[in-house]
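Listed below, chain by chain, are the residues.
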Amino acid sequence: MGSAPAKLILCGEHAVVYGRPAIALPLDGIRARARVRPGPPQSGVVVFASSLRRRWCVADDPNTPLNELILSTIGQLAPGPLPDLRISIRSGIPIASGMGSGAAVATAIVRALAGSFGQALPAAAVSSMVYASEQRFHGTPSGIDNTVIAFEQPIWYIRPPAVGDAARPAPIIQPASIAAPFTLLVGDTGVRSPTRAPVGEVRARWQASTTAYNCLFDDVALLAYRIRDCLAAGTISELGPLLSQNHALLQQIGVSSPELDTLVAAAMRAGALGAKLSGAGWGGVMLALATPETAPRIAYALKAAGARRVFETTVAPYSGAPAPDT
Ligand code: MEV
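Residues numbered from 1 in each chain as written. Predicted model: local features only at pLDDT ≥ 70, side-chain atom pairs only at ≥ 80, totals over all residues. Heavy atoms only, no water.

Caption draft 1: Region of interest: the packing of aromatic side chains. Enumeration over the complete set of coordinates arrives at four aromatic pairs. Relative to Trp206, the ring of Tyr18 has its centre 4.9 Å away and its plane inclined at 50°; by these criteria the two rings are tilted. Here Tyr18 is found in the loop between strand E1 (2-11) and strand E2 (22-38), whereas its partner Trp206 is found in helix H5 (residues 196-208), with 188 residues between them in sequence. Judged by relative accessible area, Tyr18 falls into the buried class, the value being 9%. Between Tyr213 and Phe217, the aromatic rings sit 6.0 Å apart at their centres with planes inclined by 70°, giving edge-to-face as the arrangement. Here the residue Tyr213 and the residue Phe217 both occupy positions in helix H6 (residues 210-233), the gap between them amounting to four residues, near one helical turn. (Phe/Tyr/Trp six-rings, centres within 6.5 Å; stacked < 30°, edge-to-face > 60°. Helix = DSSP H or I, 4+ residues; strand = E, 2+ residues; numbered from the N terminus. Buried < 20%, exposed > 50% of the residue type's maximum accessible area, 1.4 Å probe, protein only.)

Below is the structure:
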């Protein structure tokens with residue numbers, strides 16, 4: 001068995017693709033799981049994805065990003081003839097919704113494969129294998145999704161830009177320390193929005209209006225630093241307005257949607273301390289900062305405003321100590 005959590009971007013999505021910092025959290029309670037068992041002789045590698053109601057043989061289409069990841073992982077773990085395996089996947093993470101479903105499924109599969117060959121891969125190795133597959137899916141991913149999902153800890157993440165012809169420097173990945181717990185409600189618009197589309201559109205807009213977009217990304221970066229300080233100091237009451245300011249900047253960047261704005265407004269009317277879209281946008285999820293007392297009212301308001309699903313999560317204090325490798 002291998003499993004991996006969903007994730008939330010607390011602040012900095014999109015700007016992180018352009019070298020600005022972002023903060024991401026694992027959502028331990030919502031996970032993707034994979035199980036690897038021996039398959040019948042000559043069956044090859046067959047994948048059963050119950051959440052998608054799909055079954056496929058990896059060799060039939062070896063060039064899809066997920067099949068390629070499966071084949072390269074097996075090749076790395078057990079060089080030689082392809083074994084006969086059944087890989088079953090179950091996931092409670094909504095697809096194309098900004099919660100890292102693709103990266104979590106990929107991470108769970110890599111972990112399950114490693115386990116089936118009696119190996120434990122360090123989180124950094126899993127993360128870089130999944131990043132290669134994310135590049136096939138999303139074009140220009142920053143790497144924040146695979147990192148927070150593989151490390152399973154709150155992270156502060158910067159992917160420095162490439163300068164000239166020099167190789168891009170390695171990302172800066174630091175544990176984000178959290179001094180006081182806080183409650184988040186996650187509202188799913190139900191609108192599926194594959195990451196590639198808004199990320200591509202933001203790139204086109206950035207190319208057309210580079211100075212304006214760089215200013216927006218710089219404003220997001222300032223918020224990210226302030227949010228990191230609030231988390232580290234435990235001043236959660238100051239966090240809400242900063243999250244809402246991040247939403248306003250994401251609207252200007254052009255990645256919100258009427259459905260996201262409706263849920264954000266409903267959460268605020270119901271007493272949220274702040275709210276924003278989370279992930280790539282144009283659909284998917286938003287998050288609202290609540291208290292244990294206001295959470296039921298905000299959850300009700302989100303459902304009444306059209307949220308297909310509402311998740312509640314309490315983000316626990318975190319000292320910043322690296323998690324043990326899973
Ligand atoms: C997606 O979860 C976050 C984006 O910033 C894309 C990326 O960082 O690769 C929109």
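Caption draft 2: How the structure looks around the site of the ligand. Around the ligand, the surrounding shell consists of Lys7, Ile9, Glu13, His14, Val16, Val17, Pro141, Ser142, Ile144, Asp145, Val199 and Ala280. Ser142 places a side-chain nitrogen or oxygen 2.6 Å from an oxygen atom of the ligand. Residue Asp145 places a side-chain N or O atom 3.0 Å away from an oxygen atom belonging to the ligand. In isolation the ligand offers 290 Å² of accessible surface; the protein chains occlude 96% of this area. Breaking the shell around the ligand down by element, the ones donating at least two residues are E1 and helix H4 (144-151). (Near = heavy atom within 4 Å. Polar contact = N/O pair within 3.5 Å; in protein donor to acceptor, adjacent residues only side chain to side chain. Areas by Shrake-Rupley, 256 points an atom, 1.4 Å probe, with all protein chains shown as cover.)

Caption draft 3: Structural view of the sheet that holds strand E8 (residues 182-188). Pairing is antiparallel in the open sheet, where four strands are placed in the order E9-E10-E8-E11. The two strands at the open ends of the sheet, each matched to only one other strand, are strand E9 (274-278) and strand E11 (309-315). Direction aside, the axes of adjacent strands within the sheet are offset by 25° on average. Bridging between E8 and strand E10 (residues 285-290) involves six bridges; their strand directions are antiparallel. Across the sheet, Leu184 pairs through a bridge with Leu289, a residue of E10. (Pairing = 2+ DSSP bridges. Axes fitted to C-alpha atoms, helices over the stretch in contact; angles between N-to-C directions.)

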